[in-house]
Amino acid sequence: MRSLLFLSCWSCVVALAAGPVAAAEPAYDLLVRNGKVVDGTGNPWFVGDVAVRGDRIVAVGRVPPGKARREIDARGLVLAPGFIDMHSHSDYVLFEDGDAQSKVRQGVTTEVLGEGRSAGPYKGKLAAHRATAGGKEVRWTTLGGYFDALEKAGVAVNVASYVGMDNVWEGVMGTSHARPTAEQIKEMQALVEEAMKDGACGLSTLLAMPPGSLATTDDLVELCKVVARHGGIYSTHNRNEGTEVLVAVKEAIAIGERAGVPVDIIHLKIADKKLWGHMSEVVALIDEARKRGVNVQANVYPYTRGNNDLASIVPPWAHEGGTAKMLERLKDPKQRERMKKEIREGIPGWYNHFTAVGGDWGRMLVSGKGAYEGLTMDRVMSTRKDRPPDDLDVLFDVLIEEGGSVPTVYAHHTEKDMQLALAQPWCSVGSDGSALSVEGPLRRGNPHPRSFGTFPRVLGVYVRELKVLRLEDAVRKMTSLNAAKIGIPDRGLLRAGNFADLTLFDPELVIDRATYDKPFQYSEGIAYVIVNGKVVIDQGKHTGARPGRALRHGS
């Protein structure tokens, strides 16, 4: 007994001499418990946990007990992968404010940039691009240079990008409308090749206006063959979304089929009142192509108005030589008369925004910063002194006054058609908006509300209120479907080993608040957003963290 007591006392002494026992390192950096897990696959939700270590998810489901540096009780919240905005225009505004306020507050953790024009390359006949970040000027000539500059500046969200065909075309052709030679097509292919090596996820086109409209189907096939070699995708704003929408969809399918490249049609819509109600025919074309092995898909935004420019009403030929030449033509009475005739009567193959809305000026809302922001064009015309008898003269005069560009929201498609497209299994979600803010330099103009409300609108209106989609299907369309399209398999799913991009939202409260008249309103119901393991939105408030990265395809 005495010896046992001696040993016990000796053990105490040894323990005391050794000092305090080092605290065990926490098993996790972040542990989200008791969430309604919607994992991005489309499978039914379940109650569970997600554990994060560093920038990766390390466990999903019923995570064993273990200490974490931070624990979030997600009871009553949906726990989903971070949303991937398949179609965004935040390329340059992220340098002005890397917090990406209007996007990250929607639950967006990744933005996919590029529609016709991209942040690189700027080579050949295009001068190096410049931006200001943190008060310092930055320049780049390649898409890779843009990625480097953006990461150095710091951003709250991840960024992926296409290479824009406009950059490639104008880098070789300038503002000429001449047909490229075979050698010039090879120069374009070399620019696409370079951008793909820099990490572009594919080629994007805007075929409704020059320079994109100058490219033939054969030209696009040749450029897409380069994309196919790198495992990329062809993303297209179709040549015509109005009276020739079926022809345009067939062209997109043909490009994918001939070049051997997947296709994603940007903001699929029927944007001409003459064909409203024909979305089922568009869906049938895509379904038929998929049955024969062509990987063609699409994305939509959950609104019935699109954003373009009043300059898009000016016929394509008048844009040759750039904005300065277009303005010269708008001042020429003889050329004005030619334009008026073509605007009213149309040009074969040209998508005409004026006829698409039935010539109704009240369906055109000025969205850009300027003298007329927030006014519909009929109201603009009513304010004009000495108003000319022909309203197209007012249009031309406004374009001249505003330097050739007046961003405008067009009310040109229908809820029924949009919902039918949204419901298709191959159709995902993209905002077609930018990362703006309710205050500071990025509160400007009268932007389309989609910049503030796209993803919560899908969840609040089309899941909860109208029941167009199941919750699980909506989340898949905003996460894994987009990740699969652009080839980022380690995002978009709640899976061990994937990057820790997470969004937590209240399914009963999530909703958009931005409207066409009052767009500067953040959405509600997004409680937490985590990007690469770092909390960016914490109980609805931005933390100021900027853990976003450039997602270079193939790396």
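The structure this text deals with has already been given above.
Residues numbered from 1 in each chain as written. Predicted model: local features only at pLDDT ≥ 70, side-chain atom pairs only at ≥ 80, totals over all residues. Heavy atoms only, no water.

Digging into the overall build of the protein chain
And step 1. Secondary structure assignment for the protein chain yields 18 helices and 23 strands.
And step 2. In terms of C-alpha radius of gyration, the protein chain reaches 26 Å, essentially the compact-globule figure of 24 Å for 555 residues.
And step 3. Expressed along its principal axes, the backbone C-alpha trace of the protein chain runs to roughly 115 × 50 × 50 Å.
And step 4. The buried share of the protein chain, reckoned over its 555 residues, is 59%.
And step 5. Restricting to contacts in the protein chain with at least 6 residues of sequence separation, those with at least 24 account for 76%.
And step 6. Accessible surface for the protein chain amounts to roughly 22200 Å². Of this, 52% is attributable to carbon and sulfur atoms.
And step 7. The average position of the 69 basic charges and that of the 68 acidic charges among the side chains of the protein chain differ by 3 Å. (Helix = DSSP H or I, 4+ residues; strand = E, 2+ residues; numbered from the N terminus. Rg over C-alpha atoms; globule rule 2.2 N^0.38 Å. Buried < 20%, exposed > 50% of the residue type's maximum accessible area, 1.4 Å probe, protein only. Contact = heavy atoms within 4.5 Å. Areas by Shrake-Rupley, 256 points an atom, 1.4 Å probe, with all protein chains shown as cover. Lys, Arg positive; Asp, Glu negative; His and termini not counted. Charge placed at Lys NZ, Arg CZ, Asp CG, Glu CD.)

Some remarks on the sheet that holds strand S17 (residues 364–366)
And step 1. Read from one edge of the open sheet, three strands run S16-S18-S17, paired in antiparallel fashion. Both outer strands of the open sheet, strand S16 (306–309) and S17, are each paired with one neighbouring strand and no more. Going across the sheet, the axis of each strand differs from the next one's by a mean of 35°, ignoring polarity. (Pairing = 2+ DSSP bridges. Axes fitted to C-alpha atoms, helices over the stretch in contact; angles between N-to-C directions.)

Some details on the pattern of salt bridges
And step 1. Taken as a whole and judged by the stated rule, the model has 47 salt bridges.
And step 2. In this structure, the salt-bridge partner of Glu 96 is Arg 444, at a minimum N-O distance of 2.8 Å. Of this pair, Glu 96 sits in helix H2 (residues 93–96) while Arg 444 sits in the loop between strand S19 (427–429) and helix H16 (450–465), and the two are 348 residues apart along the sequence.
And step 3. Owing to a relative accessible area of 38%, Glu 96 belongs among the partly exposed residues under this scheme.
And step 4. Linking Lys 197 and Glu 193 is a salt bridge whose minimum nitrogen-to-oxygen distance equals 3.8 Å. Taken together, the residues Lys 197 and Glu 193, both in helix H6 (residues 182–198) and four residues apart, mark about one turn of the helix.
And step 5. Three or more residues are tied together by salt bridges with common partners; here these are Arg 336, Glu 337, Lys 340, Arg 344, Asp 390, Asp 393 and Asp 397. (Salt bridge = Lys/Arg side-chain N within 4 Å of Asp/Glu carboxyl O.)

Observations regarding unusual backbone geometry
And step 1. The step from Gly 120 to Pro 121 runs through a cis peptide bond, and the omega angle for that step is 5°.
And step 2. When you line up the elements, Pro 121 lands in the loop between strand S7 (108–113) and strand S8 (129–133).
And step 3. The peptide bond linking Pro 210 to Pro 211 adopts the cis configuration, its omega dihedral lying at 0°.
And step 4. Position of Pro 211 among the secondary structure elements: in the loop between strand S12 (202–206) and helix H7 (217–229).
And step 5. One non-glycine residue, Asn 34, adopts positive backbone phi at about 65°.
And step 6. Relative to the helices and strands, Asn 34 is located in strand S1 (residues 28–37).

Describing helix H8 (residues 245–259)
And step 1. Taking 1.5 Å per residue, 15 residues should reach 21 Å; H8 reaches 21 Å between its end C-alpha atoms and fits that length.
And step 2. All of the buried residues along H8 are Val 245, Ala 248, Val 249, Glu 251, Ala 252, Ile 253, Ile 255, Gly 256 and Ala 259.
And step 3. Residues of H8 that are buried in the fold lie against H7, strand S13 (233–237), strand S14 (263–265), helix H9 (279–291) and strand S15 (296–300).
And step 4. A positive phi of about 70° marks Gly 260, the residue just after H8. (Expected span 1.5 Å × (residues − 1).)

Some points on the packing of helix H11 (residues 333–345) against helix H14 (residues 391–401)
And step 1. Remark: H11 packs on H14, axes separated minimally by 10 Å, with the N-to-C direction vectors making an angle of 115°. Both H11 and H14 take part in a crossing whose hand is right-handed. Contacts between H11 and H14 pair Arg 336, Met 339, Lys 340, Ile 343 and Arg 344 from the former with Leu 392, Asp 393, Phe 396, Asp 397 and Ile 400 from the latter.
And step 2. In the contact of H11 with H14, the residues fall into five nonpolar, no polar and five charged. (Left-handed = near helix turned anticlockwise from the far one by under 90°. Nonpolar A, V, L, I, M, F, W, Y, C, P; charged D, E, K, R; others polar.)

Re the side chain of Ser 90
And step 1. Mapped onto the elements, Ser 90 comes out in the loop between strand S6 (83–88) and H2.
And step 2. In this structure the side chain of Ser 90 is engaged in a polar contact, spanning 3.2 Å, whose partner is the side chain of Ser 88.
And step 3. A distance of 2.8 Å separates a polar atom in the side chain of Ser 90 from the backbone nitrogen of Ala 435.
And step 4. With residues near it in sequence (within four places) discarded, Ser 90 still touches Lys 103, Glu 111, Leu 113, Gly 433, Ser 434 and Ala 435. (Polar contact = N/O pair within 3.5 Å; in protein donor to acceptor, adjacent residues only side chain to side chain.)

Some points on the packing of aromatic side chains
And step 1. Considering all chains together, one arrives at 11 aromatic pairs under this definition.
And step 2. Relative to Trp 140, the ring of Phe 95 lies with its centre 5.4 Å away and its plane at 20°, an arrangement referred to as stacked. Of this pair, Phe 95 sits in helix H2 while Trp 140 sits in strand S9 (residues 136–140), and the two are 45 residues apart along the sequence. Pair check on accessibility: Phe 95 and Trp 140 agree, each one buried.
And step 3. Arranged with centres 5.9 Å apart and planes meeting at 75°, the rings of Phe 95 and Tyr 146 form a pair that is edge-to-face. Remark: Tyr 146 occurs in helix H4 (residues 143–153) and Phe 95 occurs in helix H2; sequence separation between them is 51 residues.
And step 4. We classify Phe 95 as buried; its relative accessible area is 5%.
And step 5. Put simply, the rings of Tyr 92, Phe 95, Trp 140, Tyr 146 and Phe 147 touch in pairs and so form one group of aromatic residues.
And step 6. Above the face of the Tyr 516 ring, Arg 305 is positioned so that its terminal group lies 4.0 Å from the ring centre. (Phe/Tyr/Trp six-rings, centres within 6.5 Å; stacked < 30°, edge-to-face > 60°. Lys NZ or Arg CZ within 6 Å of the ring centre and 35° of its normal.)

So, the state of the cysteines
And step 1. For the structure shown, the criterion picks out zero disulfides.
And step 2. With no disulfide of its own, Cys 201 lies closest to Cys 224 among cysteine sulfurs, the gap being 13 Å. (Disulfide = S-S within 2.5 Å.)

Notes on the pairing of S12
And step 1. Of all five residues that make up S12, five are buried, and the element is covered over most of its length.
And step 2. Alignment of strand S11 (residues 163–164) against S12, held across two bridges, turns out to be parallel. Of the residues in S12, the one forming a bridge with Val 163 is Leu 203.
And step 3. The parallel pair S12 and S13 is bridged by H7, and the resulting crossover is right-handed. (Right-handed = clockwise from strand over helix to strand, strands pointing away.)

A few points about H7
And step 1. Between its first and last C-alpha, H7 extends 19 Å over 13 residues, near the 18 Å set by a 1.5 Å rise per residue.
And step 2. Restricting attention to buried positions, one finds in H7 the residues Asp 219, Leu 220, Val 221, Leu 223, Cys 224, Val 226 and Val 227.
And step 3. Residues of H7 that are buried make contact with helix H5 (165–173), H6, S12, S13 and H8.

Some points on the environment of Ala 550
And step 1. Tracing the sequence through the fold places Ala 550 in the segment after strand S23 (541–542).
And step 2. The exposure class of Ala 550 is buried, given its relative accessible area of 11%.
And step 3. For Ala 550 and Gly 144, which are 406 residues apart along the polypeptide, the C-alpha to C-alpha distance reads 9.4 Å.
And step 4. What Ala 550 contacts, discounting residues up to four positions off in sequence, is Phe 147, Glu 151 and Val 159.

Honestly, that's just the spatial picture; any functional story needs more than this.
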